[in-house]
Amino acid sequence: MTKPNRTRTVGVTAGSAFDLRVEEAVFDGLDVTLRPVDIETTDDLMRELADVDAVIDRLLAASYTSAVIDSLDHCEVIARCGIGVDGVDTERAAARGMHVVNVPVYCQDEVSEHTIMLLLALERNLSTYDTAMHDGVWAQDVTTTQVHRLRGQTLGLVGFGTIAQLVAEKAQAFGMDVVASDPYIDAEEMSQSGVEKATFEEVLDVADAVSLHAPLVSETRGTMDAAAFERMQDSAYLINVARGGLVVEDDLVDALYNDEIAGAGLDVFETEPSSQGDAAPPFESPLRDFDTVVLTPHVAWFSQEANEERRRMAARDVRRVLEGTAPENPVNEPQ
């Protein structure tokens, strides 16, 4: 794609959520105008970004479908400020000569810490105790059979990438045994981390808590369905900080209602409200009705350090493309 001799425009989403300080520093000295926008729908993407030369998407509030890609007539690169690119039609972008880049490494510590936090909240009955205290009730329930020590329990990991490996390390510090399923990592590599390799079914059979760390692709979508929940121990918890689409939420609700599992800690969901703009959107889900479910609004990735790092890395790759050099973190090959 020929680089025009003109000021180019970079659309930057989540305009109301973040300032432009990080991006301005990266583009210093380059003839670029930054256009902050708020996005909630694909129609917003097509309307607000139709004429931009590049996009830095900071919260992925709407998917970059083939129709959106086709509407970005001048766009050379879409930068996803995060790991997953399942919300971007990367093949269509490649066919249009458009780079798609992501930030594959930036929040491993945060997500692994959040995983352990959810596990501890579930195992220590934190939500129930906290709610009672905030209501002014000294509900010192020491008769519940729900609370157990972590030492000696088994944590099952579905996926064993960098984040899952950090989760295993932290869980082992609490005295937990760890098993993991991952078709792309062999038993020897897992054993070096003190983790036993197992099949997905074996993980469900033995784990006191199952934590999901797989990418969302066609092979993994709906991994946790009715059959999976039926296979889990009725005293086990599900934790998901990866992608909402890994779980069939209707089946999870049924499993919770029928006491097929003990509870869940969830940071991601099949359908998530837009986080862009000034208003806090409502969250509608039957999962809200369960005392044994701990919910957080897709924030496992977040810390001040991680937020600035992902924005900086994404902006740097956009600058590389606009300057005519190859990006460091490509996820497609433009034609």
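Our subject is the structure that appears above.
Residues numbered from 1 in each chain as written. Predicted model: local features only at pLDDT ≥ 70, side-chain atom pairs only at ≥ 80, totals over all residues. Heavy atoms only, no water.

Peer 1: Could you clarify how one ought to interpret the nonpolar core in this entry?
Peer 2: Nonpolar side chains in soluble globular proteins tend to end up buried together. Ranked by size, the top nonpolar core spans 51 residues in total, and within it Val 10, Phe 27, Ile 56, Leu 157, Phe 160 and Val 318 carry the most contacts. Discounting residues that sit within four places of it in the chain, Val 10 has contacts with Phe 27, Val 32, Thr 33, Leu 34, Arg 35, Ala 54, Ile 56, Val 318 and Leu 322. One finds Val 158, Ala 207, Phe 229 and Leu 266 within the second-largest nonpolar core, a separate group that totals 30 residues. (Core = buried A, V, L, I, M, F, W, Y, C linked by side-chain atoms within 4.5 Å. Buried < 20%, exposed > 50% of the residue type's maximum accessible area, 1.4 Å probe, protein only. Contact = heavy atoms within 4.5 Å.)

Peer 1: Teacher, can you tell me more about the sheet that holds strand S5 (residues 99-101) here?
Peer 2: The strands that make up a sheet are held in pairs by hydrogen bonds between backbone atoms, and each pair lies either parallel or antiparallel. The strand order S2-S1-S3-S4-S5 describes an open sheet built from 5 strands, whose pairing is parallel. The sheet is open, and its two edges are formed by strand S2 (32-36) and S5, each paired on a single side. Between one strand and the next, the sheet's axes are offset by a mean angle of 15 degrees, whatever the strand orientation. Two strands pair when backbone bridges link them, and strand S1 (residues 8-12) and strand S3 (residues 54-57) are joined in this way by 3 bridges, in the parallel orientation. Its bridge partner lying in S3, Val 12 is registered against Ile 56. Running over the sheet, helix H12 (residues 304-322) touches S1, S2, S3, strand S4 (77-80) and S5 and is turned about 170 degrees from S3. (Pairing = 2+ DSSP bridges. Helix = DSSP H or I, 4+ residues; strand = E, 2+ residues; numbered from the N terminus. Axes fitted to C-alpha atoms, helices over the stretch in contact; angles between N-to-C directions.)

Peer 1: Sorry if this is basic, but what is going on with the pairing of strand S6 (residues 154-158) here?
Peer 2: Sheet faces and side chains relate simply in a regular strand, where the side chains alternate between the two faces. In terms of residue burial, S6 counts as a mostly covered element, since 5 of its 5 residues are buried. Along S6, one buried face is formed by Thr 154, Gly 156 and Val 158 and the opposite face, lined by Leu 155 and Leu 157, is buried too. Inspection of the sheet shows S6 paired to strand S7 (residues 177-181) by 5 bridges, in the parallel sense. Bridge pairing in S7 links Thr 154 to Asp 177. Running through helix H7 (residues 162-173), the crossover from S6 to the neighbouring parallel element S7 is right-handed. (Right-handed = clockwise from strand over helix to strand, strands pointing away.)

Peer 1: Explain the sheet that holds strand S8 (residues 196-197) to me, please; I cannot follow it from the model alone.
Peer 2: Overall, parallel pairing links the 7 strands, which are arranged S8-S7-S6-S9-S10-S11-S12 in an open sheet. The open sheet terminates on both sides in strands that have one partner only, identified here as S8 and strand S12 (293-295). Pairing geometry for S6 and strand S9 (residues 209-212), over 4 bridges, is parallel. When the sheet's bridge partners are listed, Val 158 is paired in S9 with Leu 212. Lying over the sheet, helix H5 (residues 108-123) contacts S9, strand S10 (237-240), strand S11 (263-266) and S12, oriented at roughly 155 degrees with respect to S10. Seen against the sheet, H7 touches S6 and S7 and runs at an angle of roughly 175 degrees to S6.

Peer 1: Hey, could you run me through helix H2 (residues 42-49) in this one?
Peer 2: In an α-helix, one turn spans 3.6 residues; hence positions three or four apart end up facing the same way. Those residues of H2 not exposed but buried are Asp 44, Leu 45 and Leu 49. Seen along its axis, H2 keeps its buried residues to an arc of 100 degrees; they face one direction. With respect to the buried face of H2, the exposed residues turned more than 90 degrees away are Asp 43 and Arg 47. Where H2 is buried, its residues touch S1, S3 and helix H3 (66-71). The N-terminus of H2 is capped by Thr 41, whose side-chain oxygen sits 3.3 Å from the backbone nitrogen of Asp 43. (Arc of directions from axis to C-beta. Polar contact = N/O pair within 3.5 Å; in protein donor to acceptor, adjacent residues only side chain to side chain.)

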